[in-house]
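Examining the three-dimensional arrangement
Here is how the chains run, residue by residue.
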Amino acid sequence: MSDITRRYSNQQLADLFTRIADLLEIKGEVVYKILAYRKAADSLTNLGRDVMDVWREGKLTEIPGVGKAIAEKIDELITTGKLGFLQKLESEVPPGLVDLLQVPDLGPKKAALFWKQLGVTNLAELEAAARAGKLRDLPGMGEKSEARILAGIEALSRRTTRTPLGKAWPFAQELLKLIREAQGVQAVEIAGSLRRMRATVGDIDLLAAAADSGPAMQALLSHPQVTRVMSQGVAKASVEFENNLRAQLWVHPPERFGTALQYATGSKDHNVRLRELALKRGLSLSDQAFLREDGSELLCAKEEEVYQTLGLPWIPPELREDHGEIQAALAGELPQVISVEDILADLHTHSTWSDGKLSIREMAKAARARGLKILAITDHSASLGVAGGLSVDEIQAQRAEIDAVQSELGDSIRLLQGCEVEIRSDGALDFPDEVLASLDIVIAALHSGLRQPRQQVTERMLSAIRNPHVDIIAHPTGRMIPNREGADLDIEAVFRAAAERGVALEINAHPSRLDLDDVLARRAVQLGIPLTINTDAHSEYDFDMLPFGVATARRGWVRAADVINAWGTDQLLGWLSRRG
DNA sequence: GCCGTTTTCGGCCCGACTGTTTTCAGTCG
């Protein structure tokens, strides 16, 4: 085997193959080759393992969607740091053209048209050509199309990235309420990536059931914050809001709601698989209905009926990514994924002792009101000065207050004293072992030095995991959505150490973290690592972020048995006391 | 370019909407 010239992350490789797909598409290559590159890119993003490890094992072609040709390209990249195929492609198709594909309503055919007819090679040149009125005279173009592209370019500069789940969800609830109240609306549901609970969403997809689509459509279009109506038909409309969010509403008759909801929920790849399955059964599946070979329709009012018709159990939306869920469902091996009701404890919360907004008593009451049986107060340790970290003396004083609140609240909820202890930049923990030993639960976390080199930051994490008093690693990668990537951890090494020591890794439920993410959570489960889903609550409101963490776990195929705070009280307390 | 209860070649999903067109191509999800 040749040596490594350059290390690539899964995402870097995925981005390169996406780029190849974009360039090939503009070039006019056959669609299935393009789809193959996109499939490989998606597969790499969702692999859950470091592709470098897979390469080292010589098992690249075992990655779904990676065959001989793409494996050779990955190998060439790693061993030489370059890819001849891509270099040649970029000499044939100006690389700046891929940016054009970001413009709404502008796809590869038009990008090629502007390039070949007008010599446009990047976004700036396209904008200039549009302003000069040069687009409208091209074949298939007109004044409206030109204006649309210009507006799209401007929208692009306004737009940031995808919208975090935590921002899109409450706004969608507001829209849902509005549409539900419209006349004749029998049902309305969130669909798309938001229903699948992806960490970020491109837009908000909504689906309503009504015999007459008019009132539901009108309800959306008349929302006071709508700044632009992007399309508007009988069955579908899409709009943009002041906050730059976009929403899309489909309205279908109630008797067709099942197929429509299934269709609108996606993912696209999941739907493609379902349609393939339908064809094998002599049925054609669309958002409207199943079509039999004799031309008659089979309608589904409920989504369950769509799956039933295909011989499948209903598949939870969070699993619908074509990441093996259909094969698992066919084999009767779909996991019973965890639900919010399974969570009986919150093991990572803060009080006014550090940077929380509520006292221990208030936190305990808020947790109890939400049905939790156990609450761990885990304030920050001293070196996290910005968060008012506690000194050793303060930690000891805090115990008395926790005991007092415990005796006041009796058996209604069990309080644990813990700490979110800082993993210092040299890898040492913030408190001496005897202090950690006195606590009921110890969470270790990185908050600083996240940009350290891979080996250094990984070593810090490993030394924390190896400390016998550490029970949980909070938000392991330290990513912040949408702005900060996680630390450059050798996550496989972290997983190995956690599996060996039985240390639980957290899925932090806050929508700005969701860390571990779905992909890593799934890998952790495969390795038998205990997980924990916590809110990291700093206020009462934060407790309500739990569903985001649970959804992330569901996306990672996590079952209740994999999550220590979904265990029974005795089992969890037993686990903690055995760890010491 | 990938893949295999259709198996080493020949397949690889479906419809709405828009703007351009007089019947369709491009884009999107």
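Residues numbered from 1 in each chain as written. Chains lettered and ligands numbered in written order. Predicted model: local features only at pLDDT ≥ 70, side-chain atom pairs only at ≥ 80, totals over all residues. Heavy atoms only, no water.

Thoughts on the overall build of chain A
The condition is simple: Runs of E in the DSSP output that reach at least two residues are strands. Runs of H or I that reach at least four are helices, and both are numbered from the N terminus. For this measure, only C-alpha atoms enter the radius of gyration; the expected value for a globule follows 2.2 Å times N^0.38, where N is the number of residues. For each residue, the accessible area found with a 1.4 Å probe, counting protein chains only, is set against the maximum for its type, and the residue is called buried under 20%, exposed over 50%, and partly exposed in between. Here a residue-residue contact requires only that any non-hydrogen atoms of the pair lie within 4.5 Å. A 1.4 Å probe and the Shrake-Rupley method give the accessible areas. Residues count as covered only by the protein chains that appear here. We score Asp and Glu as negative and Lys and Arg as positive, and we do not count His or the chain ends. The location of each charge is read from NZ of Lys, CZ of Arg, CG of Asp or CD of Glu.
For chain A, the count of helices and strands is 23 helices and 17 strands. A compact globule built from 580 residues would reach a C-alpha radius of gyration of about 25 Å, and chain A, at 26 Å, matches this within 12%. Here chain A holds 580 residues, and the buried ones make up 54% of them. Once local pairs closer than 6 in sequence are excluded, the contacts in chain A between residues at least 24 apart make up 68%. Carbon and sulfur atoms form 49% of the exposed surface of chain A, whose accessible area is close to 25,000 Å². Of the side-chain charges in chain A, 68 are positive and 82 negative, and the distance between the mean point of each set is 5 Å.

Here we look at the protein's contact with DNA strand B
Note the following rule: Any residue with a non-hydrogen atom lying within 4 Å of a molecule or strand is treated as near it. Whenever two N or O atoms come within 3.5 Å, that pair is a polar contact, provided that in protein one can donate a hydrogen and the other can accept it, and provided that, for residues adjacent in sequence, both atoms are side-chain atoms. When residues are grouped by polarity, Ala, Val, Leu, Ile, Met, Phe, Trp, Tyr, Cys and Pro land in nonpolar, Asp, Glu, Lys and Arg in charged, and all others, Gly among them, in polar.
Neighbouring residues of DNA strand B: 46 residues in total, closest Gly67, Gly107, Gln232, Tyr263 and Arg275. Considering the 4 Å shell around the protein, atoms of DNA strand B inside it are sugar or phosphate in 73% of instances. Within the backbone of Asp105, a nitrogen or oxygen atom sits 2.9 Å from a phosphate oxygen of DNA strand B. Lys110 places a polar main-chain atom, nitrogen or oxygen, 3.0 Å from a phosphate oxygen of DNA strand B. Sorting elements by how many residues they give to the surface near DNA strand B places helix H13 (residues 268–280) first, with 6 residues. Looking at the surface near DNA strand B residue by residue, the class counts come to 18 nonpolar, 13 polar and 15 charged.

Brief notes about the domain arrangement of chain A
Rule in force here: Residue ranges assigned to each domain were obtained from an automatic or database domain assignment. Buried area is understood as the total, over both parts, of accessible area removed when two parts are fitted together, assessed with a 1.4 Å probe. Each reported salt bridge corresponds to a side-chain nitrogen of Lys or Arg within 4 Å of a carboxyl oxygen of Asp or Glu.
Here chain A is partitioned into domain 1 (10–157), domain 2 (161–252), domain 3 (265–334) and domain 4 (340–579). For domain 3 and domain 4, the distance between their C-alpha centres works out to 39 Å. Counting residues at the interface gives 8 residues for domain 3 and 5 residues for domain 4. When domain 3 packs against domain 4, close to 600 Å² is buried across both sides, 52% of that on carbon and sulfur atoms. On the domain 3 side of the interface with domain 4, the three residues burying the most area are Glu318, Leu319 and His323, jointly 70% of the side's total. A salt bridge links Arg554 to Glu318; the shortest N-O distance between them is 2.8 Å. Counting across the domain 3 and domain 4 interface gives 3 residue pairs in polar contact (both at pLDDT 80 or more). A per-class count over the side of domain 3 that touches domain 4 returns 3 nonpolar, 2 polar and 3 charged.

Brief notes about the pattern of salt bridges
Across all of its chains, the model carries 38 salt bridges by this definition. Across the pair Asp544 and Arg370 runs a salt bridge, and its minimum N-O distance is 2.9 Å. Placement of the pair is Asp544 in the loop between strand E17 (531–534) and helix H22 (546–555) and Arg370 in the loop between helix H16 (360–369) and strand E12 (374–380), with a sequence separation of 174 residues. For Asp544, a relative accessible area of 39% gives the class partly exposed. If you follow the salt bridges from partner to partner, you end up with Arg7, Asp50, Arg454 and Asp488 in one network.

Things to note about the packing of aromatic side chains
The cut-off we apply is this: Aromatic rings from Phe, Tyr and Trp, with only the six-membered ring used for Trp, were paired whenever their centres fell within 6.5 Å, and each pair was classed as stacked if the ring planes differed by under 30 degrees, edge-to-face if by over 60, and tilted otherwise. Lysine NZ or arginine CZ positioned within 6 Å of the ring centre and within 35 degrees of the ring normal marks a charge as sitting over the ring.
For the structure on display, the rule yields 5 aromatic pairs. Aromatic side chains Phe17 and Tyr37 sit 6.1 Å apart centroid to centroid with 25° between the ring planes, which places their arrangement in the stacked category. Pair noted here: Phe17 is in helix H1 (residues 10–27) and Tyr37 is in helix H2 (residues 31–45), with a separation of 20 residues, a long-range link. The exposure class assigned to Phe17 is buried, which follows from its relative accessible area of 0%. A relative accessible area of 6% means that Tyr37 is categorised as buried. Geometrically, the ring pair formed by Trp567 and Trp575 is edge-to-face, given 6.2 Å between the ring centres and 85° between the ring planes. Across the pair, Trp575 and Trp567 agree in class, each one buried. Geometry around Trp557 places Arg522 over its ring, the cationic atom sitting 3.8 Å from the centre.

Quick notes on the environment of Ile465
Tracing the sequence through the fold places Ile465 in helix H19 (residues 454–466). Along the sequence, Ile465 and Lys73 sit 392 residues apart, while their C-alpha atoms lie 36 Å from each other. If we skip the residues at most four places from it in the chain, Ile465 touches Ile473, Val494, Ala497, Ala498, Arg501 and Val503.

Here's the deal with the pairing of strand E6 (residues 236–241)
The side chains of a regular strand alternate, first on one face of the sheet and then on the other. Going by this rule: By the convention used here, strands pair only if DSSP detects at least 2 bridges between them.
Here E6 lies mainly inside the structure; 5 of its 6 residues are buried. Pairing of strand E5 (residues 226–232) with E6 involves 5 bridges; the strand directions are antiparallel. Across the sheet, Ser231 pairs through a bridge with Ser238, a residue of E6. The loop that links E5 with its antiparallel partner E6 comprises 3 residues. What sits between the antiparallel neighbours E6 and strand E7 (residues 246–252) is a turn of 4 residues, in which Asn244 has the positive phi angle 75°.

Some details on the environment of Thr227
Following the sequence through the fold, Thr227 ends up in strand E5. Considered as a pair, Thr227 and His510 are 283 residues apart in the sequence and their alpha carbons are 30 Å apart.

Section: the sheet that holds strand E8 (residues 283–285)
The antiparallel open sheet is built from 3 strands, whose spatial order is E8-E9-E10. Of all strands in the sheet, those with a lone pairing partner are E8 and strand E10 (297–298), marking the two edges. Of the strand pairs in this sheet, strand E9 (residues 290–292) and E10 are connected by 2 bridges, and their pairing is antiparallel. Across the sheet, residue Phe290 finds its bridge partner in E10, namely Leu298.

Quick word on the packing of helix H20 (residues 491–501) against helix H21 (residues 518–526)
Going by this rule: Axis definition: a line fitted to C-alpha atoms, over the contacting stretch in the case of helices. Angles run 0 to 180 degrees between N-to-C directions. Angles are sorted into four bins: roughly parallel if under 35 degrees, roughly antiparallel if over 145, roughly perpendicular if 65 to 115, and oblique for all others. Crossings are assigned a handedness: left-handed for a near helix turned anticlockwise from the far helix by less than a right angle, right-handed for a clockwise turn.
Look at H20 against H21: their axes get within 10 Å of each other, and the N-to-C directions meet at 40°. In terms of orientation, H20 lies oblique with respect to H21. Crossing of H20 against H21: the hand is right-handed. Note on element contacts: H21 touches H20 through Leu520, Arg523 and Ala524, opposite Ile491, Glu492 and Phe495. Classifying every residue of the contact of H20 with H21 by side-chain character gives 4 nonpolar, no polar and 2 charged.

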